[in-house]
Amino acid sequence: MNRIRTTIAAAALAGLVLAGAGCAPPAAEPSSAAAAAATATSAEALGGMDALVAAAKAEGRLNVIALPPDWANYGEIIKAFGTKYGIEVNSAQPDAASQEEINAATQLKGTDRAPDVFDLGQSVALANTAMFAPYQVATFDSIPTAFKDPSGTWVNDYGGFMSIGYDSAKVPAITSVEDLLKPELKGKVALNGDPTQAGAAFSGVVMASVANGGSADDIKPGVEFFSRLSDAGNFLPVDPTAATIESGQTPVVIDWDYTNAAVTSKLSSWKVVVPENAQVGGYYYQAVSKDAPHPAAARLWQEFLYSDEGQNLYLGGGARPVRADAMQEAGTLDADAYAKLPEVSGDPVLLTAEQNTAAAAVLSEEWAKVTG
């Protein structure tokens, strides 16, 4: 999980159904304030921040999904938002993948349990923009152009680098992607999710591709690497969690650096490496659901995430906030937390929207050969 200290703002980045979902109650008839919030493209359009806060408090609830408490500091972020505004945050399916967020929104549409907001990997986000409501937060202008849709339909929120985390008490030191093929790692290498559904796993394949002669335009070498890893018996088809890591079931995990770094607070022998020859960065996508049952709270959540307070909370979890450069210039960035982010040299690979779409198409055709 530790983060990037080098600036990558110039880069062009562009299911699981809740138990009993079929019995979920319908959403309550929206109030006039909620109805106005559902189409508001800014707080100003609702009459200002005070009006947005009042409307969100009247709703009294926010539904989030797929936000593990130890992922990018979301546990503290959720707590801080709820405390600040007195709004109950219902955090569903914290370990769900990006595609499962979309699946849940589709299954629960029209009920008061549907997700209000999304936090998605690039592939899933760009494939589902029709489900998002445009919204520009107060700090919108300080978000680099490459990291947002001009209308605010989606905005990158935090980012990092792909990494390899490993328990140094159980496996030999790992410094490269190639090391994952060592016989000592048989049945020990886990990827965080299915790359056709989860952003972290998708970028893990990209990392393997770059390390094996591929590029942002050609991820087939990454798929081939995982086939080799599987043939060697090293690839472990288990989604890693804090529990599987601490128990020793998944002693090697391919995941974002900020997620892997969070493990070090619980497991002192856990080490994290960003391979020098395969530095792959990426940002997650934040969006408001156009069918949000709590539209004012959804928009207030966005305001909080992109405020200095929210961005510094991401940084406190080892993730790089998208507004880091502007906040550093303004003197509002947590300098101590920023100084702890790992140094990354050279030019990291960040996929454009077009490259991502092409890579996703390759994975949809080829990944089953790895796991099948």
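Note that the structure is predicted; figures quoted are calculated from it, not measured. (Residues numbered from 1 in each chain as written. Predicted model: local features only at pLDDT ≥ 70, side-chain atom pairs only at ≥ 80, totals over all residues. Heavy atoms only, no water.)

Trainee: Help me out: how do you make sense of the overall build of the chain in this one?
Mentor: For the chain, the helix and strand inventory stands at 14 helices and ten strands. A total of about 14600 Å² of accessible surface is found on the chain, and carbon and sulfur atoms cover 51% of it. Computed over 23 positive and 43 negative side-chain charges, the separation of the two mean positions in the chain equals 4 Å. (Helix = DSSP H or I, 4+ residues; strand = E, 2+ residues; numbered from the N terminus. Areas by Shrake-Rupley, 256 points an atom, 1.4 Å probe, with all protein chains shown as cover. Lys, Arg positive; Asp, Glu negative; His and termini not counted. Charge placed at Lys NZ, Arg CZ, Asp CG, Glu CD.)

Trainee: Hey, could you run me through helix 14 (residues 353-371) in this one?
Mentor: Side chains three or four residues apart in an α-helix point the same way, a direct result of the helix having 3.6 residues per turn. With 19 residues, helix 14 extends 26 Å between its outermost C-alpha atoms, agreeing within 8% with the 27 Å of an ideal straight helix rising 1.5 Å per residue. When the local axis directions of helix 14 are compared, the greatest deviation, roughly 40°, occurs at Glu365. The set of residues buried in helix 14 consists of Ala353, Gln355, Asn356, Ala359, Val362, Leu363, Trp367 and Val370. The inward-facing, buried residues of helix 14 contact helix 5 (122-127), strand 6 (189-191), helix 6 (199-211) and helix 7 (220-231). (Expected span 1.5 Å × (residues − 1). Bend = angle between axes of the 7 residues up to and from the residue. Buried < 20%, exposed > 50% of the residue type's maximum accessible area, 1.4 Å probe, protein only. Contact = heavy atoms within 4.5 Å.)

Trainee: Help me understand the pairing of strand 5 (residues 155-167), please; the structure alone is not making it clear to me.
Mentor: Regular strands place side chains that alternate from one sheet face to the opposite one. Counted residue by residue, strand 5 has 13 buried out of 13 residues, so it is predominantly covered. Alignment of strand 5 against strand 9 (residues 281-289), held across five bridges, turns out to be antiparallel. Paired with Gly159 across the strands is Tyr283, a residue of strand 9. The pairing of strand 5 with strand 10 (residues 320-321) spans two bridges and is classified as antiparallel. The partner of Tyr158 across the bridge, within strand 10, is Pro321. Relative to strand 7 (residues 252-256), strand 5 runs antiparallel, the two sharing five bridges. Residue pairing in the sheet places Tyr166 in a bridge with Val252 of strand 7. (Pairing = 2+ DSSP bridges.)

Trainee: Mind showing me how you'd approach the pairing of strand 1 (residues 61-65) here?
Mentor: When you tally the buried positions in strand 1, you get four out of five residues, the bulk of the element. Relative to strand 2 (residues 88-92), strand 1 runs parallel, the two being bridged by five bridges. Each bridged residue has a counterpart across the sheet, and for Leu62 the counterpart in strand 2 is Val89. Following the backbone out of strand 1, through helix 3 (residues 74-85) and into the adjacent parallel strand 2, one traces a crossover that is right-handed. (Right-handed = clockwise from strand over helix to strand, strands pointing away.)

Trainee: When you look at the nonpolar core in this model, what are you seeing that I'm missing?
Mentor: The nonpolar side chains of a soluble globular protein tend to be buried, and buried together. Membership of the largest hydrophobic core comes to 86 residues, with the highest contact counts inside it found for Leu180, Phe226 and Trp301. Membership of the second largest hydrophobic core comes to eleven residues, among which are Ala105, Leu120, Val124 and Phe132. (Core = buried A, V, L, I, M, F, W, Y, C linked by side-chain atoms within 4.5 Å.)

Trainee: Sorry, what's going on with the confidence of the model for the chain here?
Mentor: Detailed conclusions should not be drawn from predicted coordinates in areas where pLDDT is low. Within the chain, residue pLDDT values average 90, and 91% of them lie at 70 or more. Contacts for the low-pLDDT stretch residues 1-24, under 50 throughout, to residues beyond four places or in other chains number 99 contacts. (pLDDT = per-residue confidence, 0-100.)

Trainee: Just to check I follow, could you spell out the packing of aromatic side chains for this structure?
Mentor: Between two aromatic rings, the relevant description is the distance of the centres plus the angle of the planes. The final tally for this structure, using the stated rule, is 20 aromatic pairs. Between Trp154 and Tyr285 the ring centres are 4.6 Å apart and the planes differ by 45°, which places this aromatic pair in the tilted class. Here Trp154, found in the loop between strand 4 (132-133) and strand 5, pairs with Tyr285, found in strand 9; they are 131 residues apart in sequence, far enough to count as distant. Arranged with centres 5.6 Å apart and planes meeting at 85°, the rings of Tyr158 and Tyr258 form a pair that is edge-to-face. Of this pair, Tyr158 sits in strand 5 while Tyr258 sits in helix 9 (residues 257-262); the two residues are 100 residues apart in sequence, bridging distant segments of the chain. Residue Tyr158 is classed as buried on the basis of its relative accessible area of 0%. Directly above the aromatic system of Phe140 lies the positively charged group of Lys148, at a separation of 4.2 Å from the ring centroid. (Phe/Tyr/Trp six-rings, centres within 6.5 Å; stacked < 30°, edge-to-face > 60°. Lys NZ or Arg CZ within 6 Å of the ring centre and 35° of its normal.)

Trainee: Hey, could you run me through helix 2 (residues 49-59) in this one?
Mentor: For helix 2, the full list of buried residues reads Leu52, Val53, Ala55, Ala56 and Glu59. Projection of helix 2 onto a plane perpendicular to its axis shows the buried side chains occupying an angular sector of 165°, all on one side. Among the exposed residues of helix 2, those pointing more than 90 degrees away from its buried face are Asp50 and Ala58. (Arc of directions from axis to C-beta.)

Trainee: Would you explain the pattern of salt bridges in this entry?
Mentor: If you walk through the whole model with that rule in mind, you get nine salt bridges. Measuring nitrogen to oxygen at the nearest pair gives 3.0 Å for the salt bridge that ties Glu309 to Lys84. Residue Glu309 is located in helix 11 (residues 308-316), and its partner Lys84 is located in helix 3; the two are separated by 225 residues in the primary sequence. Residue Glu309 is classed as partly exposed on the basis of its relative accessible area, which comes to 36%. Of the residues examined, Lys84 reaches a relative accessible area of 45% and is grouped as partly exposed. One salt bridge connects Asp291 with Lys109, and the closest N-O pair in it is separated by 3.9 Å. One end of the pair, Asp291, is in the loop between strand 9 and helix 10 (295-305); the other, Lys109, is in the loop between helix 4 (98-107) and strand 3 (117-120), and 182 residues separate them in sequence. On the basis of relative accessible area, Lys109 is assigned to the exposed category, the value being 53%. (Salt bridge = Lys/Arg side-chain N within 4 Å of Asp/Glu carboxyl O.)

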